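Per-entry structural report
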Amino acid sequence: MGNLIINHIYAYNQTITLMYKHLLMFALCLITVVSFAQNKASIKGKVIDSITKIPIERATVAVLDIRDATSLLLSYTITDKSGNFVLHNPPTDIPLRVFISLMGYKPFRKNLTLKKGETLDLGAIEMSSKELSEVVIKGDRPPIAIRKDTIEFNAEAFKTRPNAVVEDLLKKLPGVEVEMDGTVMIYGKPVSKILTDGHEFFKDNYRIATKNLDVDMIDKVQVYDDRENDPDHLIPESQVNKIINLKFKKAFKKNYFGKFYAGGGTQDHYSAGGLFNMFRDTLQISILGQGNNINNTSFSYNDLNQSAGFTRGGSDAFYRGGSLNNGTGLFSLSGGSDGRSGTVGSGLRKTYSGGININTDYGKKLKINLAYYYSRNVTDVNSISRTQRFLGDTIFFSSSQNPAHITNTPQNLSASIQWHPNDATQLIYNPFLTFTDNELNAQSTSNTHTNFVSQLSDAVYTSTNSTNNTQFTQSLTFNHRFKKKGESINISHNLNISPGSGDAYSITNLTSYNVSLPSYLLNRFTNSVNKSMNGSINVSYQYPLTKKLTATIGLNSGYSHDINNSLVYDFNDANGLYDAFQLNLSNTLTRNLWNNSIIPKVSYNFTPRIKLELSASLQSLKADNKFGRGLPDIDQQYNFIHPGLNLNIGSYSFSYRTNTNLPNIGDMVPYTIVYSPLYSITGNPNLKPIDQNVFSMNYNTYLMKNQVSIYGNANATFDQNSVFRHQTLNSIGATTSTPVNMGSRSNYSFSGGINKTFKKTNNFQFSTNTSISGGVGHGYFEINQQSGFQNNYNYSLRETLNLNWKDKVILGESFTLNNSITKYVGIDYSNVNYITDVSNSHFIFILPKKFNIEGDYTLYYNPNVSPGFQKSTSLLNLTIARQIFAKDRGEIKLSCYDLLNQSVGSYRYVMANSITDVQDSQIRRYLLLTLQYKFNKAIIKK
């Protein structure tokens, strides 16, 4: 225990040292920014109507750098209710243009040059309205325009590097953040989809668009709220996601265009792929494909190390707190017992994938999207794990080596049909069909000892699993708004059908060195069949009683049917067959669930920015649980009243809701399952439903004048009758477990952030992003009749800095500190403190002669891992590229991944009285030479 304390102190010292270094860097950057700001100027004025002299609100005011022919956007704002505006810190001593625009008015332009420290007051700026018959004179276009709820950026106003893709353009837009995994956030809100000319582009995977479509194709980028399934604006504004629509240039709207690439490198590494697009009026067809062995699962050869991995298989309704691997193996097609996907996301992976996307319009009322995607991932993984389990003064130590070979083959077919017969009616239908085949060959070699016994047992576990799953889902939404303002009806339907089956062979050979535990050999075959079907239909009618008071009545009805059949056989030495049926390990579980509710709701608008909504859900739950084996069924029937509240005040929203969840049928089995002499569970048919109270609060705003986005959210969940597990652990490490309803469980979480873009000096652009997240969990546990509470505290702090000089030098630095603390109350367990920090530096240098260098360096520090595990990893990636061929259509690129040859993955998790460390194999250093070529039929004039 003393060593643990010393390690924690050392970890704190190392982390604090690193944090000081990064904070010092941040302070230096901040001082630089402040020193620049002291020399900056400002522009202010007031925009009014030339005839009525009334102030004009929400006019866009932009400052452009006119030294470049494309007039690059430097900063922008919008006028307030009084027509006033202020632009802070525009650059000095260079030619600028103030450009003011608003739909229905002639644009205002004024060229000027500011001096350091100057405050220029443009006074009252009169804008005259356009006449319907006037001739539009083509000239410079507004770099940004705001039309109702849509913000539109002119792509040419944001300069990007050669051969840049849409993701590079998005990083330039004010208020937009692009995470390392390609996730896009706008004003602190996630982007739910990215469209191309209003159409889906590979549904549910917008990274294909952002990482493959070239900036040269894009004319405008439109940003607006995702209200496709919320036409009545029932979702609070602070909780609505965003949609990005990429408007193509005319030259690409009737064209063939795309690109292809191929590359090879050291250690037989390779990567190849291509994208072909055909756009013809209302028809869009895109075809893409790729193959590589560099762990790249996306369609961008710039991604050198993306992780995929399996998701948890089967239905949670059948989870029994154990698996048929006898509790000794790490790998499972269903993921590890800690809720992770094991280590399947790591290792050495070969990927072959392809897809086709088709969009077509039938007039202006009907849009159809079809997409097919195929992928085959072959992964070889090798990990080591070490677990410590505490029991009084005894500590059980378990170490294992876990190699595995995994093949995952998903196929997805999706469609989207959108019909808008008129402005008041819409119908959206989305079917989705997927086929997935999984194969797993895994082995785990482990040994166990205690702090008193040098050798307790050795075990070798092998597993061969093969599963196939089919899933069909569909969603249908119909909405109609009546002539009376605020009156509408909404009908939605969802259906999910998921049959699956699998065969698993497992051999566990345990050698014991303790007389209390005999050695044993288990050789088993498991055949499983899973079927899940659930459907629902929801009807909601909204009627305005007064201008401020609205009443809504909702009717919801749902049904689900879940089956889990597992037949387990032991190997028969007499005939060499798996025919020794194991009744106590097999199960035939079936649950039928009916869920109906009536939801009356009233909402009152105190002001346009303040709205209160009260609701009550009258819910009826009926469940029929069947356990087979001639055992009696357990029928459950409950009636509940669930109150709800939503309060929206401008950028703030607060909500409260309650719900009830039934316990898993797998926890309710009325018998004991003995997986092995070391692990068994006993079900509890008397488990009660779990009542849940959920509180949440959200805040989101974007200050256009200062180009600052601020967001935050907090959630609190309180469970009654929560299911915990009574566990026993004896002197040889054998564990038994029984689920029980015991007291309450609570979870608290929060996250927030602030993003600021600065426009400094004549050539520099600087931005910062600070984010923090965390949570607290409180839960009961019991081991060997000793009960207590486990409190988990975690937080993550991230600081990101970006610097751009003339679009020739781009620097980015981020630092993330993660801390996880586990404390125990009522039981004598030592507290656990787990700290990691990650720093990342990214750089791009645009050099003469069409060369560019790009790289990133990541330092991952994990001081709390078990002895012998790698505590820190330095990952350095470098690429050098040159544009070739006419119009820079080609690019030759040399990449070096993991230049320092240190790549490794590791993590730790704490559960009750155990601490587990896992270290994964990763792809290591290699060189890759790649040639890319872009083609299009039209000649693009820049």
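Values in this document were obtained by computation on a predicted structure and should not be read as measured data.

**As for the overall build of the chain**
Secondary structure summary: the chain contains 4 helices and 48 strands in total. The 942 residues of the chain split such that 49% are buried. Considering only intrachain contacts with a sequence separation of at least 6, the fraction spanning at least 24 residues in the chain is 65%. For the chain, the accessible surface area stands at approximately 43300 Å², while carbon and sulfur atoms represent 57% of it.

**Focus: a nonpolar patch on the surface**
Residues Leu847, Phe851, Ile880, Phe885, Ile892, Leu894, Leu927, Leu929 and Leu931 make up a contiguous nonpolar surface patch of about 730 Å² in total accessible area. Listing elements by their share of the nonpolar patch, those giving two or more residues are strand 45 (890–897) and strand 48 (926–936). If one sorts the elements of the nonpolar patch by residue count, strand 48 sits on top with 3 residues. Inspection of the secondary structure assignment puts Leu894 in strand 45.

**Quick look at the pattern of salt bridges**
All chains considered together, the criterion is met by 12 salt bridges. Salt-bridge contacts for Lys220 lead to Glu152; the nearest nitrogen and oxygen are separated by 3.3 Å. In this pair, Lys220 is assigned in strand 14 (residues 218–225) and Glu152 in strand 9 (residues 150–154), connecting sequence segments 68 residues apart. On the basis of relative accessibility, which here comes to 10%, the residue Glu152 falls in the buried class.

**Observations concerning the sheet that holds strand 1 (residues 42–49)**
Sheets are built from strands that pair by backbone hydrogen bonding, the pairs being arranged parallel or antiparallel. The mixed open sheet is built from 3 strands, whose spatial order is 4-1-7. Each edge of the sheet is formed by a strand with only one pairing partner; in this case those strands are strand 4 (84–88) and strand 7 (119–127). Averaged over all neighbouring strand pairs, the angle between strand axes comes to 20°, with direction disregarded. In this sheet, strand 7 lies alongside strand 1 in parallel orientation, the contact comprising 7 bridges. Bridge assignment links Ser42 to a residue of strand 7, and that residue is Thr119.

**Some thoughts on unusual backbone geometry**
We note that Lys53 has phi near 65°; this positive angle belongs to a residue other than glycine. Among the structural elements, Lys53 can be located in the loop between strand 1 and strand 2 (60–65). With phi around 65°, Asp93 is a residue other than glycine that occupies positive phi space. Relative to the elements of secondary structure, Asp93 occurs in the loop between strand 4 and strand 5 (96–101).

**Observations concerning the packing of aromatic side chains**
The final tally for this structure, using the stated rule, is 28 aromatic pairs. The interplanar angle of 50° and the centroid separation of 6.1 Å between the aromatic rings of Phe525 and Tyr578 together place this pair among those described as tilted. Of this pair, Phe525 sits in strand 25 (residues 520–544) while Tyr578 sits in strand 27 (residues 577–581); the two residues are 53 residues apart in sequence, bridging distant segments of the chain. A residue is classified by how much of its surface remains accessible, and Tyr578, at 27% relative accessible area, is partly exposed. Each ring, one from Tyr569 and one from Phe581, has its centre 5.4 Å from the other, and the planes form 55°; the classification is tilted. Of the two residues, Tyr569 sits in strand 26 (residues 549–572) while Phe581 sits in strand 27, which places them 12 residues apart along the sequence. The partly exposed category is assigned to Tyr569, whose relative accessible area is 22%. Through a chain of ring-to-ring contacts, three or more aromatic side chains come together here, namely Tyr505, Phe525, Tyr569, Phe571, Tyr578 and Phe581.

**Concerning the side chain of Asn769**
Summarising the element assignment, Asn769 is placed in strand 39 (residues 764–783). With a relative accessible area of 10%, Asn769 lands in the buried category. Separated by 3.4 Å, the side chains of Asn769 and Glu177 make a polar contact. For Asn769, the residues in contact, after removing those within four places along its chain, are Glu177, Ile754, Asn755, Arg798, Glu799 and Thr800.

**A few points about the side chain of Ser874**
Mapped onto the elements of the fold, Ser874 is located in strand 44 (residues 872–884). Taking relative accessible area as the criterion, Ser874 reaches 11% and is therefore assigned buried. A polar contact of 3.0 Å, which involves the side chain of Ser874, links it to the side chain of Tyr857. When neighbours within four sequence positions are excluded, Ser874 is seen to be in contact with Tyr857, Thr858, Leu859, Asp898, Leu900 and Gln902.

**What about the confidence of the model for the chain?**
Counting all residues, the mean pLDDT for the chain is 83, and 87% of those residues have values of 70 or more. The least confident element of the chain is helix 1 (residues 2–37), whose mean pLDDT is 46; the most confident is strand 26, at 96. Below pLDDT 50 for its whole length, residues 1–12 participates in 10 contacts with residues either more than four positions away or in separate chains. Segment residues 299–345: pLDDT under 50, and 144 contacts once partners within four positions in sequence are set aside and those in other chains are kept.

**Side note on the environment of Ser895**
Examined against the element boundaries, Ser895 turns out to sit in strand 45. Judged by its relative accessible area of 6%, Ser895 falls in the buried class. Separated by 17 residues in sequence, Ser895 and Leu878 have C-alpha atoms that sit 5.8 Å apart. Every residue in contact with Ser895, bar those within four places of it in the chain, is listed here: Leu878, Thr879, Tyr926, Leu927 and Leu928.

**Some remarks on the pairing of strand 9**
In terms of burial, strand 9 is a largely internal element, 4 of the 5 residues being buried. By the bridge criterion, 4 bridges tie strand 8 (residues 144–147) to strand 9 in an arrangement that is antiparallel. Residue pairing in the sheet places Ile146 in a bridge with Ile151 of strand 9. Examined bridge by bridge, strand 9 and strand 14 share 4 bridges and lie antiparallel to one another. By the bridge assignment for strand 14, Asn154 is matched with Lys220.

**Description of the nonpolar core**
Phe153, Leu170 and Ile244 are the most contacted members of the largest nonpolar core, which has 46 residues in total. Each residue touching Ile244, except ones within four places of it in the same chain, is listed here: Leu170, Val184, Ile186, Val191, Lys193, Ile194, Leu195, Val221, Gln222 and Val223. In terms of nonpolar packing, the next biggest core, distinct from the first, is built from 22 residues, Val61, Leu87, Val98 and Leu120 among them.

**Description of the environment of Ser536**
Its place among the elements puts Ser536 in strand 25. The partly exposed category is assigned to Ser536, whose relative accessible area is 23%. Expressed as a C-alpha distance, the spacing of Ser536 and His493, which sit 43 residues apart in the sequence, is 5.7 Å. Not counting chain neighbours up to four residues away, the residues in contact with Ser536 comprise Ser492, His493, Asn494, Ser557 and Gly558.

**Considering the pairing of strand 47 (residues 914–920)**
Where burial is concerned, most of strand 47 is hidden: 7 out of the 7 residues are buried. Residues Ser914, Thr916, Val918 and Asp920 point to one face of strand 47 and Ile915, Asp917 and Gln919 to the other, with burial holding for every one of them. Strand direction decides the pairing type here: strand 20 (residues 366–391) and strand 47, joined by 7 bridges, are antiparallel. If you follow Arg389 over to strand 47, its bridge partner there is Ser914. Here 7 bridges tie strand 46 (residues 905–911) to strand 47, and the two strands are oriented antiparallel to one another. When the bridges of strand 47 are listed, Gly905 appears paired with Asp920. Taken together, strand 46 and the strand that follows it, strand 47, pair antiparallel across an intervening segment of 2 residues, in which Ala912 is found at a positive phi of about 50°.

So, how was this worked out
- The written sequence of each chain sets the order in which its residues are numbered from 1.
- In keeping with the predicted nature of the model, local features appear solely for residues at pLDDT of at least 70, side-chain atom pairs appear and are counted solely at 80 or more, and the whole-chain, interface and lining totals rest on all residues.
- Each side-chain value is worked out from all heavy atoms of the structure, with water and hydrogens disregarded.
- A run of DSSP states H or I qualifies as a helix once it reaches four residues; a run of E qualifies as a strand once it reaches two. Both are numbered from the N-terminal end.
- Residue exposure (1.4 Å probe, protein chains only): buried if accessible area is under 20% of the type maximum, exposed if over 50%, otherwise partly exposed.
- Between two residues, a contact is recorded if the distance between any of their heavy atoms is within 4.5 Å.
- With residues, only the protein chains shown are counted as cover, and all accessible areas are computed by Shrake-Rupley using a 1.4 Å probe.
- In this analysis, a patch consists of residues with relative accessible area above 30% that form no salt bridge, clustered at 9 Å for like charges and at 5 Å for the nonpolar side chains Val, Leu, Ile, Met, Phe, Trp and Tyr.
- For salt bridges, the criterion is a side-chain nitrogen of Lys or Arg within 4 Å of an Asp or Glu carboxyl oxygen.
- By definition, two strands form a pair when at least two bridges between them are found by DSSP.
- In this analysis, axes come from line fits to C-alpha atoms, helices being fitted only over the stretch in contact, and the angle between any two N-to-C directions falls in the range 0 to 180 degrees.
- Aromatic pairing here means that ring centres of Phe, Tyr or Trp (its six-membered ring) are within 6.5 Å. Orientation follows from the plane angle: under 30 degrees is stacked, over 60 is edge-to-face, and everything else is tilted.
- Polar contacts, as counted here, are pairs of nitrogen or oxygen atoms within 3.5 Å of one another; within protein the pair requires one atom able to donate a hydrogen and one able to accept it, and residues that are adjacent in sequence qualify only if both atoms are side-chain atoms.
- pLDDT runs from 0 to 100 and stands for how confident the predictor is about each residue.
- To form a nonpolar core, buried Ala, Val, Leu, Ile, Met, Phe, Trp, Tyr and Cys residues must be joined to one another through side-chain atoms within 4.5 Å.

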